[in-house]
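Observations on the three-dimensional arrangement
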Amino acid sequence: MDVAARYGPWAVIAGASEGTGRAFARQIAAHGVPSVLVARRAAPLEALADEIRVESGVACVTAAIDLAAADATEQVIAAVADRPVGLYISNAGGDPNGNGFLDLDVSAWVDLVQRNVMTVLKCTHHFAGAMRARGRGGIILVNSGACYGGLAMMGPYCGSKAFNLCLAEALWAELRPFGVDVLTLVLGKTDTPEFRRYMAEKGMPLPADCAAADDVARVGLARLPHGPIKNWGEDDDEARMTSQSAAQRRERIVAIERMTKQMIGQDAVG
Ligand SMILES: NC(=O)c1ccc[n+]([C@@H]2O[C@H](COP(=O)([O-])OP(=O)(O)OC[C@H]3O[C@@H](n4cnc5c(N)ncnc54)[C@H](OP(=O)(O)O)[C@@H]3O)[C@@H](O)[C@H]2O)c1
């Protein structure tokens, strides 16, 4: 796949300073696509941008932004300025809490929902609009198996990831006719610095069967044209994370699309 032709000219990676976001940034640059790298910490972003410029010779812009801020999207848009964006990757989205719902002040959950729902919604709306007008582009919403239902100690996280799942499915259906690819990449245990910190805090060892960040980025980019869902470690027709495989969920969307077209008697859904 010619990533630059399909998903250039520029990429935006939200949550790029380490782990899977960092891996996406390096691999996208290796395909010749310059990127705007966003995360809270400026220093690791700058170091990564320097590395990418040397390694791949492509431009790299950094923006230290807290994606949980109410005006995060406006800050991202300002940092991107007039660069045309053909690839938006929402990677930031882990649960830093791992606590029961009532064990934290509600502000912790509001921050998580703001970052994982409102900022993703607003950034996706902004970047997808320009992609649709251009007739090409790609959107990856990095997700978690938690998207398939509520789990104790993870309520708001599960809810926010379910939002990402449904948004990605809907946008896959809506934007496909306009040449815009949408994928939600549903991860399981993944070896990221954040997951290592989390396990260390809980006094637990890192599981041996974690996915590697580089593999996640490689598979995510390769699967982007084949959305709306990639369940990590599962074939398209396998269903281990949930009762429905990625293929069955895709078929559900297409079947309802077909029924709607028949019902309204016109090609209103693309
Ligand atoms: N690791 C796993 O085992 C696992 C399992 C399932 C799903 N996932 C998914 O994979 C993605 C990456 O997870 P991760 O383990 O690397 O943890 P993460 O906490 O999502 O961190 C990933 C990146 O996001 C940035 N980030 C986090 N909060 C941010 C904020 N408020 N504003 C701006 N940037 C922010 C971090 O950099 P800064 O700290 O510099 O801001 C880092 O570069 C997430 O969407 C997560 O849900 C991970």
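Check the entry above for the structure.
Nothing here was measured: the structure is a model prediction, and the numbers come from that model.

Moving on: the packing of helix 5 (residues 106-134) against helix 6 (residues 155-175). Each pair of packed helices can be summarised by the angle the axes make with each other and by the distance between the axes. Two elements in contact, helix 5 and helix 6, have axes whose closest approach is 9 Å; the angle formed by their N-to-C orientations is 10°. Between helix 5 and helix 6, the angle is such that the two are roughly parallel. Residues Trp-109, Leu-112, Val-113, Asn-116, Val-117, Val-120, Thr-124, Ala-128 and Arg-132 of helix 5 pack against Pro-156, Tyr-157, Ser-160, Phe-163, Asn-164, Leu-167, Leu-171 and Leu-175 of helix 6. Here the contact of helix 5 with helix 6 is built from residues that sort into twelve nonpolar, four polar and one charged.

What follows concerns helix 4 (residues 72-80). Considered for burial, the residues of helix 4 that qualify are Ala-72, Thr-73, Val-76 and Val-80. The arc that holds the buried residues of helix 4, viewed along the axis, is 100°, so those residues lie on one side. Looking at the buried positions of helix 4, the neighbouring elements they touch are strand 1 (10-14), strand 2 (35-39), strand 3 (60-64), strand 4 (85-90) and helix 5.

Around the ligand, the structure places 26 residues, and the nearest of them are Gly-15, Arg-40, Ala-92, Gly-93 and Gly-94. For the shell around the ligand, the secondary-structure elements that each account for two or more residues are helix 2 (19-30), strand 5 (137-144) and helix 7 (193-201). With three residues, helix 2 is the largest single contributor of residues to the shell around the ligand. Among the residues making up the shell around the ligand, the classes are represented as eight nonpolar, eleven polar and seven charged.

This paragraph deals with the nonpolar core. If you look at the biggest cluster of nonpolar residues, it comprises 68 residues, and the most contacted ones within it are Ala-11, Val-12, Ile-13, Ala-14, Ala-25, Leu-37 and Val-38. Residue contacts for Ile-13: discarding those within four places in its chain leaves Gly-21, Phe-24, Ala-25, Ser-35, Leu-37, Val-38, Ile-89 and Asn-91.

Pairing is parallel across the open sheet formed by seven strands, whose spatial order is 3-2-1-4-5-6-9. Each edge of the open sheet carries a strand with a single partner, namely strand 3 and strand 9 (229-231). When the angles between neighbouring strand axes are averaged without regard to direction, this sheet yields 15°. Bridge count between strand 1 and strand 4: five bridges; the pairing is parallel. Each bridged residue has a counterpart across the sheet, and for Val-12 the counterpart in strand 4 is Tyr-88. Set on the sheet, helix 6 makes contact with strand 5 and strand 6 (180-187); between it and strand 6 the angle comes to about 155°.

Of all six residues in strand 4, six are buried, a share of seventy percent or more. Strand direction decides the pairing type here: strand 4 and strand 5, joined by four bridges, are parallel. Across the sheet, the residue bridging to Ile-89 is Ile-140, located in strand 5. Viewed along the sheet, the connection from strand 4 through helix 5 into strand 5 turns out right-handed.

This next bit is on the environment of Arg-115. Looking at where Arg-115 falls in the secondary structure, it is placed in helix 5. Other than its neighbours up to four places away in sequence, Arg-115 contacts Leu-67, Ala-68, Ala-92 and Gly-93.

With that settled, consider the packing of helix 2 against helix 8 (residues 213-223). Interaxial distance between helix 2 and helix 8 falls to 8 Å at its minimum, and their mutual angle equals 55°. Considering the angle they form, helix 2 stands oblique to helix 8. In terms of crossing hand, the pair formed by helix 2 and helix 8 is right-handed. Residues Gly-19, Thr-20, Arg-22, Ala-23, Phe-24 and Gln-27 of helix 2 touch helix 8, and the partners they reach there are Ala-213, Asp-214, Val-216, Ala-217, Arg-218, Gly-220 and Leu-221.

Rules used in this analysis
- Residues numbered from 1 in each chain as written.
- Predicted model: local features only at pLDDT ≥ 70, side-chain atom pairs only at ≥ 80, totals over all residues.
- Axes fitted to C-alpha atoms, helices over the stretch in contact; angles between N-to-C directions.
- Helix = DSSP H or I, 4+ residues; strand = E, 2+ residues; numbered from the N terminus.
- Parallel < 35°, antiparallel > 145°, perpendicular 65-115°, else oblique.
- Contact = placed C-beta atoms within 7 Å.
- Nonpolar A, V, L, I, M, F, W, Y, C, P; charged D, E, K, R; others polar.
- Buried ≥ 20, exposed ≤ 12 C-beta atoms within 10 Å, placed from the backbone.
- Arc of directions from axis to C-beta.
- Near = placed C-beta within 6 Å.
- Core = buried A, V, L, I, M, F, W, Y, C linked by C-beta atoms within 7 Å.
- Pairing = 2+ DSSP bridges.
- Right-handed = clockwise from strand over helix to strand, strands pointing away.
- Left-handed = near helix turned anticlockwise from the far one by under 90°.

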